[in-house]
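Overview (structure and organization)
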Amino acid sequence: MHHAQEPQVIAPTLFLSDADVASLADWSTAVAALAEAYARPASDAMVPPRSMARGDGIWLRSLTAVPPSGGHMGCKLIAASMRARCASYLIALFNQQTMALSALIDGNRVTGLRTAATAALAVDLLAPKRALRVGVIGSGFEARGALDCLKSVRDVAHVQVFSPTPASRERFAESFKPGLDIQAVNSAQEAVQDCDVVICAARSRDESPVLQGAWLCPGATVVSLGSTLPEQREVDPVTMERAVCIVADMPQEVLHDTGDAIAAISAGVYVADKLVALSDLVAGRVTPRQNDSDIVLYKSVGSALQDVVIAQALYERARQQGLGIELPASIVPVSK
């Protein structure tokens, strides 16, 4: 006699709104989740290249990943209109064991969370083990997130910030007071002077680099967050040349698809020879510096692995705290 298979009990799909994500976001949780994911070996197949469907002035981009740390796999979808100048973001999380749709998450804030948390993870591993002097070029949300996250994982002794608009840089500095010793300065060169860590999260209108490698002091750790496409520029070829090691979250994408690397290669810099994967740095397989005076660079383009890992951390916190809306119907996995 055959017994009918017990139906799997699937938890209802949870929807997390933008407001839920804002209240759940926590820097140390995000950095720890990324550190765990990057410490495990992942094949290229687990984080394939992003894909993009294009219409007339609109596009839909998808980034998918199966994190090696288990738990969930997921997809971030970005729908954007050039004409209307707007975009919406959705992250779907599927349970790796049951294939159930665990969560639908408003992904609006997730890109900023993952960019800042991954940068903080890289800086923590690259920068000297002391209270850090930090130079920031840029005063937008990426610069704000990167500094805010960094000060949650490391002691920050002093910050100098520059962006071209005096009111913006003053507002940026004021927003971190009184808890941080921070001052707005009048030039990018002044911002990076005597700094252990330089955070670049800005591009100029004409796409000329905002950071000149000649300004860097020995031993500097540079973070480049603001140029992720071939037509974008942020750091000059001298920065790429002076760096003894270039750490990348997506090495091939950084090498072939970022304006900074393309310009450096055409200027004769052997970028590929010193490019290492962030996963190799986190797992301790590379030694980025031979000497304290060596300059190192972390170049970020962002990855679906980061999006999915951060989304999973948000989902787990939401379940613990009873946040989010359980949807009245679930997508139940079917046997094939």
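Residues numbered from 1 in each chain as written. Predicted model: local features only at pLDDT ≥ 70, side-chain atom pairs only at ≥ 80, totals over all residues. Heavy atoms only, no water.

Under an unreviewed UniProt entry, the name given to the protein chain is NAD(P)-binding domain-containing protein, and the source organism is Pseudomonas cucumis.

**Quick word on the overall build of the protein chain**
Counting its secondary structure elements, the protein chain contains 11 helices and 15 strands. Over its C-alpha trace the protein chain gives a radius of gyration of 21 Å, about what one expects of a compact globule, namely 20 Å for 336 residues. Along the three orthogonal principal directions, the C-alpha set of the protein chain runs to about 80 × 45 × 45 Å. Counting every position in the protein chain, which comprises 336 residues, the buried fraction comes to 49%. Partitioning the contacts of the protein chain with sequence separation of at least 6, the portion at a separation of at least 24 is 72%. Surface summary for the protein chain: the accessible area is close to 15900 Å², and the carbon and sulfur share equals 53%. Side chains of the protein chain give 29 positive and 35 negative charges; the mean places of these two sets differ by 2 Å. (Helix = DSSP H or I, 4+ residues; strand = E, 2+ residues; numbered from the N terminus. Rg over C-alpha atoms; globule rule 2.2 N^0.38 Å. Buried < 20%, exposed > 50% of the residue type's maximum accessible area, 1.4 Å probe, protein only. Contact = heavy atoms within 4.5 Å. Areas by Shrake-Rupley, 256 points an atom, 1.4 Å probe, with all protein chains shown as cover. Lys, Arg positive; Asp, Glu negative; His and termini not counted. Charge placed at Lys NZ, Arg CZ, Asp CG, Glu CD.)

**Brief notes about the pattern of salt bridges**
Inspection of every chain in the model, using the stated rule, returns 14 salt bridges. Linking Lys151 and Asp148 is a salt bridge whose minimum nitrogen-to-oxygen distance equals 3.5 Å. Here Lys151 and its partner Asp148 are both found in helix α4 (residues 141-153), 3 residues apart, which amounts to about one turn of the helix. A residue is classified by how much of its surface remains accessible, and Asp148, at 26% relative accessible area, is partly exposed. (Salt bridge = Lys/Arg side-chain N within 4 Å of Asp/Glu carboxyl O.)

**As for a nonpolar patch on the surface**
On the surface, a nonpolar cluster with roughly 210 Å² of combined accessible area is contributed by Leu60, Leu77 and Leu90. Within the element layout of this structure, Leu60 appears in strand β3 (residues 58-65). Residue Leu60 is classed as partly exposed on the basis of its relative accessible area, which comes to 41%. (Patch = residues over 30% accessible without salt bridge, like charges linked within 9 Å, V, L, I, M, F, W, Y side chains within 5 Å.)

**Section: helix α9 (residues 259-266)**
Within the span of α9, buried status applies to Gly259, Asp260, Ala261, Ala263 and Ala264. The secondary structure elements touched by the buried residues of α9 are β11 (221-224), α7 (237-242), α8 (251-257) and β14 (295-299). After α9 finishes, the residue Gly268 shows a positive phi value of roughly 95 degrees.

**Digging into the sheet that holds strand β7 (residues 132-137)**
With respect to topology, 8 strands assemble into an open sheet ordered β9-β8-β7-β10-β11-β14-β12-β13, the strand pairing being parallel. The open sheet has two free edges, formed respectively by β9 (182-184) and β13 (275-277), since each of these has just one partner strand. Averaged over all adjacent pairs, the angle separating strand axes in this sheet is 20 degrees, with direction ignored. Pairing between strand β12 (residues 243-248) and β13: 3 bridges, direction parallel. The partner of Ala248 across the bridge, within β13, is Ala277. Along the sheet face, helix α3 (residues 110-126) touches β7, β10 (197-200), β11, β12 and β14 and points at about 165 degrees away from the line of β14. (Pairing = 2+ DSSP bridges. Axes fitted to C-alpha atoms, helices over the stretch in contact; angles between N-to-C directions.)

**Focus: the state of the cysteines**
A full pass over the atoms with the stated rule returns 0 disulfides. This cysteine, Cys86, is not joined by any disulfide, and Cys75 carries the nearest cysteine sulfur, 19 Å off. Cysteine Cys149 is unpaired, with the sulfur of Cys200 as its nearest cysteine sulfur at 17 Å. Looking at Cys149, the relative accessible area reads 0%, which means it is buried. (Disulfide = S-S within 2.5 Å.)

**A look at the packing of aromatic side chains**
According to the stated counting rule, one finds 1 aromatic pair in the structure shown. Each ring, one from Phe172 and one from Phe176, has its centre 5.2 Å from the other, and the planes form 50 degrees; the classification is tilted. The class for Phe172 is buried, based on a relative accessible area of 0%. Positioned over the ring face of Trp59 is Arg61, at 5.2 Å from the centre of the ring. (Phe/Tyr/Trp six-rings, centres within 6.5 Å; stacked < 30°, edge-to-face > 60°. Lys NZ or Arg CZ within 6 Å of the ring centre and 35° of its normal.)

**Let's talk about the environment of Arg169**
When you line up the elements, Arg169 lands in helix α5 (residues 166-175). In the structure, Arg169 is positioned 112 residues away from Leu281 in sequence and 33 Å away in space, judged by C-alpha atoms. When neighbours within four sequence positions are excluded, Arg169 is seen to be in contact with Ser139, Val161, Phe162, Ser163, Pro164, Ala184, Val185 and Asn186.

**Regarding the nonpolar core**
The biggest cluster of nonpolar side chains holds 103 residues, and the ones touching the most others in it are Val134, Val136, Leu147, Ile182, Leu211, Met240 and Tyr298. If we skip the residues at most four places from it in the chain, Tyr298 touches Thr118, Ala119, Ala122, Leu126, Val222, Val223, Ser224, Leu225, Val247, Ala248, Asp249 and Leu278. (Core = buried A, V, L, I, M, F, W, Y, C linked by side-chain atoms within 4.5 Å.)

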